[in-house]
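Read off the chains here:
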Amino acid sequence: MLDVPYIFTELNKTKGKSMSEILTKVIVDCTTGTTEVRPLTTEEIAQREIDIAVYAAEKAEREAQEQAKAVAKASAEAKLAALGLTAEEIAAL
């Protein structure tokens, strides 16, 4: 068993009356069963923005690689077809 209470953190978005977005986190102490909702600190918000940007860049890179692979496959299949292979023969490769 852990000597230190296990803390689970969850990110929530709370809309106030002014419709401004307040980012909060829910902290659950599993040893006591207590929960606490706190607004994110400036550092946590900055890290969240960095994480969002990194994720978007990685996703764009993944999608570009998948697109390049699909284009290369289509090109290879077209070249094989130009050599006289049937669609079934190309699929079997």
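Keep in mind that this is a model prediction, so the values were computed, not measured.

Draft legend 1. Structural context of the pairing of strand β3 (residues 34–39). Of all six residues in β3, zero are buried; the element is thus mostly exposed. As paired strands, strand β2 (residues 21–29) and β3 are joined by six bridges and run antiparallel to one another. Within the sheet, the bridge partner assigned to V28 lies in β3 and is T35. Hairpin connection from β2 to β3: four residues lie between these consecutive antiparallel strands, with G33 at a positive phi of about 80°.

Draft legend 2. Expanded view of the pattern of salt bridges. This structure, assessed with the given rule, holds three salt bridges. Across the salt bridge formed by R38 and E36, the nearest N and O atoms sit 2.8 Å from each other. According to the relative accessible area criterion, R38 is partly exposed, its value standing at 39%. According to the relative accessible area criterion, E36 is partly exposed, its value standing at 37%. As a salt-bridge pair, E49 and R48 come within 3.6 Å of each other at their nearest N and O atoms. Note on E49: relative accessible area 43%, which makes it partly exposed.

So, how was this worked out
- Residues numbered from 1 in each chain as written.
- Predicted model: local features only at pLDDT ≥ 70, side-chain atom pairs only at ≥ 80, totals over all residues.
- Heavy atoms only, no water.
- Buried < 20%, exposed > 50% of the residue type's maximum accessible area, 1.4 Å probe, protein only.
- Helix = DSSP H or I, 4+ residues; strand = E, 2+ residues; numbered from the N terminus.
- Pairing = 2+ DSSP bridges.
- Salt bridge = Lys/Arg side-chain N within 4 Å of Asp/Glu carboxyl O.

Purely geometric stuff here, so don't read any function into it on its own.
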